[in-house]
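Below, each chain spelled out in residue letters.
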Amino acid sequence: MNYLRILVVFGFYSVLGVYPGLASGPNVLFIVSDDLTACLGSYGNEVCETPNLDRLASEGVQFNRAYCQYPVCGPSRASFMSGLYPKRTEMLGNNYTLGSYKVLNPALSNHPSIGELLRTNGYVSLRVSKIYHMGVPGGIEAGDAGGDEPDSWDRAFNVMAPETASPGKLELLSPKRKHYGSNFARIIVPDDLIETQADILATNQAIAILESRARDGDHSKFLRHEDAFFLAVGFVRPHVPLVAPKSWFDKYPEDESVLPYAPEGDLEDVPTLAKTNANELKYGMSELQQKQSLAAYYASVSFMDEQVGRLLDTLDRLDLRKDTVVIFTSDHGYNLGHHTLWQKGSLFENSVRVPLLISAPGFESAAGKSSDALVELVDLYPTIAELTGLSHKVPSNLDGASLTGLLRNPSDIKGHSEAYTVVGNKQKMGESIKTDRFRYNYWVDGKEELYDQLKDPEEFTNLVASSVHVNVLNDMRAKLAEKNKSFHN
Ligand SMILES: [Ca+2]
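All values reported here derive from a predicted model rather than from experimental measurement.

(A) Local environment of the overall build of the protein chain. Of regular secondary structure, the protein chain possesses 15 helices and 17 strands. For the protein chain, the C-alpha radius of gyration of 21 Å lies close to 23 Å, the compact-globule estimate for 489 residues. Expressed as a percentage of the 489 residues in the protein chain, the buried residues total 54%. For the protein chain, contacts bridging at least 24 residues in sequence account for 72% of all contacts bridging at least 6.

Below, the structure is given as structure tokens:
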């Protein structure tokens, strides 16, 4: 662990919130949405309706500047589950290897994920649907475990759901991109035929688990009934295909969709590797098709939000909420026409920033507050460990720091001095350092980007050639070099 990281960790722990303590630690409900950018109402989006997540935000702390470590499903998930940066897990692309990072990087074969840490320390650990990588829609249609890491769980439940075969008409919206999973496609499902959707099935299974775990007394000796649970629930929406009930599509008329502003020539100062997901190049969507994709994305978000509501209602009904930490996040963000880019895999703000909401018993004094601290998804591992009283059990090589101090004082405490994200592999790799004010991207072909997010929050002007920013640029280069040096410690 390098000096800078020690400082960061010390900064976090110095205002350590001592967990008030339930006898066996609190339960943890960990909800991960797929491909969800921070478009929630609680993050200021005035179009997309997310009443249930807004409610969770009002009951916990919202992190306004939380960043994924890799803006693609598999690597991001392996990173936050292991608590390690992607260059350490060595998962730098989607991978379906069962065993995940433990198999891909034999040096980590004994490195416990957060799920394994909990289940070997008095918790029952359970997975429903996609937590590590699963192919969407193919893996869900096959009911496949994908790139799961089985040591993380006492029990794991895949869902098997129709996805592209859902009731309704499968409409391809991106003429240049036909591969399901990376194209744009929608299905408007009649409301009375919605119940076979993956996220409804996952919610049903999770509710059944909560009911089982909430029962008084140990009638069956089943799965150490007296133990607290770590229940990880993965939702596949708003990942494509964009499948949602008609009633939600009706709320977002496609002709009223407003695409993000992109100035003429926006991509001219952007390196080639940074714009591979440009509409013109990859998707070929007409303006109407782009509006349809945006509306379908919002319908999918609202549909997913409904399932979060069902989980929260169940915690309330079973009187579990007071004993349960609820964490909601996404594996990465998403471009919805920003810079004329779509989907993930870019290092722009919308693709790397994620929603992050944490509500924990004992931290009610901060309910409804938000934090502007820079935080990373690798912080989840030490955060969950601390909230469950297991900080002393975590491996010494974790890359994150506990957010518990921020849960107690969301506005007073600094987070990391920088957030780090990597994307691509080998000849396509790009790395990003975000500080309080600037974002710096370095691509493997030597091309760079520098954005002053204070003056230019939309990242329209690449300042890499600006003579007045030479010192900033050199400082950011040094920060990235320092970060990479730390990977070899
Ligand atoms: Ca994803």
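(B) Here's a closer look at the sheet that holds strand S9 (residues 324-330). Across the sheet, eight strands lie side by side as S4-S3-S7-S1-S9-S12-S2-S13; this open sheet has mixed pairing. Each edge of the open sheet carries a strand with a single partner, namely strand S4 (155-157) and strand S13 (370-376). Between one strand axis and the next, the sheet turns through 15 degrees on average, direction left out of account. Sheet analysis places strand S3 (residues 123-128) next to strand S7 (residues 228-234), joined by six bridges and oriented parallel. Its bridge partner lying in S7, Leu126 is registered against Leu231. Contacting strand S2 (61-67), S9 and strand S12 (353-359), helix H2 (residues 51-59) runs over the sheet at an angle of about 60 degrees to S12. Docked against the sheet, helix H8 (residues 198-214) engages S3, S4 and S7, running at close to 175 degrees with respect to S7.

(C) Representation of the environment of Leu390 in the model. On the secondary structure map, Leu390 appears in the loop between helix H13 (380-387) and helix H14 (404-408). Given 19 C-beta atoms within a 10 Å radius, Leu390 is considered partly exposed. With 215 residues separating them along the chain, Leu390 and Pro175 place their C-alpha atoms 50 Å apart. Beyond its immediate chain neighbours, meaning those up to four positions away, Leu390 contacts Leu117, Asn121 and Ala385.

(D) Region of the structure containing the pairing of strand S17 (residues 448-452). Alignment of strand S16 (residues 438-443) against S17, held across five bridges, turns out to be antiparallel. From the neighbouring strand, Phe438 faces S17, where its bridge partner is Asp452. Once S16 ends, the chain turns through four residues before running back antiparallel as S17, passing Gly446 with a positive phi of about 95 degrees.

(E) Spotlight on the nonpolar core. In terms of nonpolar packing, the biggest core is built from 136 residues, with Leu231 and Ala299 touching the most fellow members. Counting residues per element, this core draws most heavily on helix H11 (residues 287-317), which supplies 13 residues. Among residues more than four places away in sequence, those in contact with Ala299 are Leu242, Ala244, Trp248, Phe249 and Tyr252.

(F) Inspection of the packing of H2 against H11 at higher detail. The geometry of H2 relative to H11 is characterised by a closest axis approach of 7 Å and an angle of 50 degrees between their N-to-C directions. With respect to their mutual orientation, H2 and H11 come out oblique. Residue-level contacts link Pro51, Asn52, Leu53, Arg55 and Leu56 of H2 to Asp305, Glu306, Val308, Gly309 and Leu312 of H11. Residues of the contact of H2 with H11, tallied by class, amount to five nonpolar, two polar and three charged.

(G) Inspection of helix H3 (residues 73-82) at higher detail. Buried residues dominate H3, accounting for 10 of its 10 residues. For H3, the complete set of buried residues consists of Cys73, Gly74, Pro75, Ser76, Arg77, Ala78, Ser79, Phe80, Met81 and Ser82. The secondary structure elements touched by the buried residues of H3 are helix H4 (86-89), helix H5 (101-104), helix H6 (114-119) and H13.

(H) Structural view of the confidence of the model for the protein chain. Here the protein chain averages 93 in pLDDT, while 94% of its residues score no lower than 70. Confidence drops under pLDDT 50 across residues 1-23; counting only partners more than four residues distant or on other chains, this segment forms 32 contacts.

(I) View of the pairing of strand S14 (residues 419-423). Of all five residues that make up S14, five are buried, and the element is covered over most of its length. Here S14 shows two buried faces, one formed by Ala419, Thr421 and Val423 and the other by Tyr420 and Val422. Both S14 and strand S15 (residues 430-434) contribute to a ladder of five bridges, which runs antiparallel. What sits directly across from Val423, in S15, is Gly430. Counting the residues that bridge the hairpin from S14 to S15 gives six residues, and of these Gly424 lies at a positive phi of roughly 75 degrees.

(J) Representation of H11 within the structure. With 31 residues, H11 extends 45 Å between its outermost C-alpha atoms, agreeing within 8% with the 45 Å of an ideal straight helix rising 1.5 Å per residue. With 23 of 31 residues buried, H11 is to be regarded as a mostly interior element. One or two steps after H11, the chain reaches Asp319, where phi turns positive at roughly 60 degrees.

(K) Inspection of the sheet that holds S14 at higher detail. As summarised here, the arrangement of the four strands in space is S14-S15-S16-S17, forming an open sheet in which the pairing is antiparallel. The outermost strands of the open sheet, each flanked by one partner alone, are S14 and S17. On average, each strand axis in the sheet is inclined to that of its neighbour by 10 degrees, with strand direction left out of account.

(L) Representation of the environment of Lys428 within the structure. Mapped onto the secondary structure, Lys428 falls in the loop between S14 and S15. Sequence separation of Lys428 and Thr272 is 156 residues, and the distance between their C-alpha atoms is 10.0 Å.

Each value, and the rule that gives it
Residues numbered from 1 in each chain as written. Predicted model: local features only at pLDDT ≥ 70, side-chain atom pairs only at ≥ 80, totals over all residues. Helix = DSSP H or I, 4+ residues; strand = E, 2+ residues; numbered from the N terminus. Rg over C-alpha atoms; globule rule 2.2 N^0.38 Å. Buried ≥ 20, exposed ≤ 12 C-beta atoms within 10 Å, placed from the backbone. Contact = placed C-beta atoms within 7 Å. Pairing = 2+ DSSP bridges. Axes fitted to C-alpha atoms, helices over the stretch in contact; angles between N-to-C directions. Core = buried A, V, L, I, M, F, W, Y, C linked by C-beta atoms within 7 Å. Parallel < 35°, antiparallel > 145°, perpendicular 65-115°, else oblique. Nonpolar A, V, L, I, M, F, W, Y, C, P; charged D, E, K, R; others polar. pLDDT = per-residue confidence, 0-100. Expected span 1.5 Å × (residues − 1).

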